[in-house]
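# What the coordinates show
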Amino acid sequence: MTRLSSAFSKPHPALVCFVTAGDGDTAANLDALVEGGADVIELGMPFTDPMADGPAIQAANIRSLGAGTTTADVLRIARKFRDRHPDVPLVLMGYANPMIRRGPEWFASAASDAGVDGVICVDIPPEEDDALGPQLRAAGIAPIRLATPTTDAARLPQVIEGSEGFLYYVAVAGITGMQQAAIGSIEANVSRIKQSTDIPVAVGFGVRTPEQAAEIAQVADGVVVGSALVELVGEHGADAPSKLRELTASLAKAVHSAAKA
Amino acid sequence: MNSPNSFRTQPDERGHFGDYGGRYVAETLMPLVLDLEREYRAAQADPAFKAQFDDLLEHYVGRPSPLYFAERLTEALGGAQVWFKRDELNHTGAHKINNCIGQILLAMRMGKTRIIAETGAGQHGVATATVCARFGLPCVIYMGAEDIRRQQPNVFRMKLLGAEIVPVTSGRGTLKDAMNEGLRDWVANVHDTFYIIGTAAGPHPYPEMVRDFQSVIGIEARAQMLSRTGRLPDLAVACIGGGSNALGLFHPFLDDPEVKLLGVEAAGHGLDGDEHAASLLGGFPGVLHGNKTYLLQDDDGQITEGHSISAGLDYPGIGPEHAWLKDMERVEYTAVTDDEALDAFQLLCRTEGIIPALEPSHAIAAVTKRAKEMPDDAIILANLCGRGDKDIFTVAEKLGVEI
């Protein structure tokens, strides 16, 4: 069983927590997420042009790049995380260009060496899978695809095909960290997806509070929280870990006590 | 029809020009991009669409634009004859309007009720605001805060035309940041919004579609050249930012092997430093804004900002078809510096009584070099893709003149 499948086989829904690599003391931030009860860690790879992200994660990208974060730094952060937390699944999330700059084989192999379990690439849809998907699969890394409210029934099988680890359901047609979708629409879409696949479905975009997370955890296999955590890093800098631990713990409590979908 | 070895059959059915192009967009946009392609195919097959497009180009834009023999410039250079395709005489003063007419007709065909666009120098913003006013659709233009500062006259034009201008402060506040913000708006408003992209870049089918709408430039120029001189030019020249005016001129000539093609990038302060906007000559292949193409980027794939005296050329990417044409060696690419463009700008003012935009001033600078190396019975065709009214403040500042 892979680390990702173990995380989604727990008796409760999984809490997936995102922070941007190189923004603040990332090692301490990641440890705080684990201590708070995160089941899966998403580590954002900073990019100059984060087109799918709202102001919070854009700002985190700028802070990270401004501090001089390189791809080598991101991989080093991942490697050290893996050494400290051998069992916690780690997923890299980012955009195509930094991932394929040195060639997709290079990236897949470097990520695998760093102990990465999955990769979410925002701007590689199934149509362009060749750009990175085969190389990730060959390296034993799960390409995690996104499904959205605009992914219709005709398209869904294509998204699911070749998706591994979990499916990330983007709750709103929009960018990260903005409005939250109505729970009714999330429930309808998640159940539509779950009729077509056994892959776990985690829901993200616009999830900020334990109340929202609890509601979503009733209908999904996992809940993703990003911008709310990233904002804490932006606001508290070096003091962020304790704040992150606190918010993660309240999110984990909410998500873990929900009945498994 | 195209021969099997034609350069004019790109892209393939997945929107790829060789290794370039494609549809590198977030899943939310993917169904929309597929929809757009379906609707574009239907429009291409619909004679009524073409009739309406042609009618607007003729009576609203003022096409065909003239083909003009630049006699005094030719004399001054002492070599090949220089001919200009006068797309600066279009309504709104640049080639951008050709594409905007096509895209807004498509938007209305798709039942979209809101238009968004990005702009750098403001020419595409003005053209978009113009067609939105003409068809009564609300228009939101994303423009970098820095570009707003540099291009006040165009900002005011857009406002007069009823557009809402949204200043973009993320990144360095220039064209690529405006495009990011346009994509963010689009992804949040997919149900009613059409994104009019201003150059032959972005996810498929934009590069193909923009090229097709702009090809009117080359189709007209080819026919005009044949009728005026009885032959095709030896060399066709156009400047390149994203590359839409160049593709518009070049595409109809791609299968005429006797016509050499020259694309001119902005070398800014010189290609040896970082202060240029030459994606093809100084960049590497990568993925940005929905397509794979040559990009200005560092070793980690972070996008770097270009520099050019011309705000219309300082985009860190380039249309994917140019990337392919470069690799196929069908088009030669070169670059000229800010200073060379500025000299060419003044030369055209004084020899021909035409104030060109700084963008085609780059093409003219390349023409001045090439013309001298060619015999006087050779013909160079250059695209004068925009007029220079918008640039007089920049030029005055560079020349140390207060106005």
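Quick caveat, the model's predicted, so the values are computed rather than measured. (Residues numbered from 1 in each chain as written. Chains lettered and ligands numbered in written order. Predicted model: local features only at pLDDT ≥ 70, side-chain atom pairs only at ≥ 80, totals over all residues.)

## Observations regarding the interface of chain A and chain B
Each partner contributes to the interface: chain A provides 32 residues, whereas chain B provides 28 residues. If you list the elements that add at least two residues to the side of chain A that touches chain B, you get α3 (55-66), α5 (96-100) and β6 (146-147) of chain A. For the side of chain A that touches chain B, the residue count by class is 16 nonpolar, 9 polar and 7 charged. (Contact = placed C-beta atoms within 7 Å. Helix = DSSP H or I, 4+ residues; strand = E, 2+ residues; numbered from the N terminus. Nonpolar A, V, L, I, M, F, W, Y, C, P; charged D, E, K, R; others polar.)

## Section: the packing of α3(A) against helix α11 (residues 227-236) of chain A
Residue and element names in this part refer to chain A. For the pair α3 and α11, interaxial distance at closest approach is 9 Å and the crossing angle is 45°. The angle between α3 and α11 places the two elements in the oblique class. Remark: the crossing between α3 and α11 carries left-handed chirality. Contacts between α3 and α11 involve A56, I57, A59, A60 and R63 from the former and S227, V230, E231, V233 and G234 from the latter. Residue composition of the contact of α3 with α11, by class: 6 nonpolar, 2 polar and 2 charged. (Axes fitted to C-alpha atoms, helices over the stretch in contact; angles between N-to-C directions. Parallel < 35°, antiparallel > 145°, perpendicular 65-115°, else oblique. Left-handed = near helix turned anticlockwise from the far one by under 90°.)

## Observations regarding the domain arrangement of chain B
All names here are of chain B. Domain annotation for chain B reports domain 1 (28-58 + 96-210) and domain 2 (62-93 + 215-399). In this assembly, 30 residues from domain 1 lie in contact with 27 residues from domain 2. Mapped onto the side of domain 1 that touches domain 2, the elements with two or more residues apiece are α2 (47-61), α4 (96-109), α5 (123-135), α6 (145-150), α7 (152-160), α8 (175-188) and α9 (206-214). Classifying every residue of the side of domain 1 that touches domain 2 gives 13 nonpolar, 11 polar and 6 charged. (Domains from an automatic or database assignment.)

## Looking at the pairing of strand β2 (residues 20-24) of chain B
All names here are of chain B. Among the 5 residues of β2, 5 are classified as buried, and the element is accordingly described as predominantly covered. Across 2 bridges, strand β1 (residues 16-17) lies against β2 in antiparallel orientation. Across the sheet, H16 pairs through a bridge with G21, a residue of β2. Joining the antiparallel neighbours β1 and β2 is a turn of 2 residues, in which G18 adopts a positive phi near 60°. Here β2 pairs with strand β12 (residues 290-295) via 2 bridges, running antiparallel. Within β12, the residue paired with G21 across the bridge is K292. (Buried ≥ 20, exposed ≤ 12 C-beta atoms within 10 Å, placed from the backbone. Pairing = 2+ DSSP bridges.)

## Thoughts on helix α9 (residues 183-196) of chain A
All names here are of chain A. With 14 residues, α9 should reach 20 Å at 1.5 Å per residue; the first-to-last C-alpha distance of 20 Å fits that figure. Among all positions of α9, only I186, N189 and V190 are buried. All buried residues of α9 fall inside an arc of 100° around its axis, so they share one side. In α9, those exposed residues whose orientation departs by more than 90 degrees from the buried face are G184 and Q195. Where the residues of α9 are buried, they touch β7 (167-170), β8 (201-204) and α10 (210-217). (Expected span 1.5 Å × (residues − 1). Arc of directions from axis to C-beta.)

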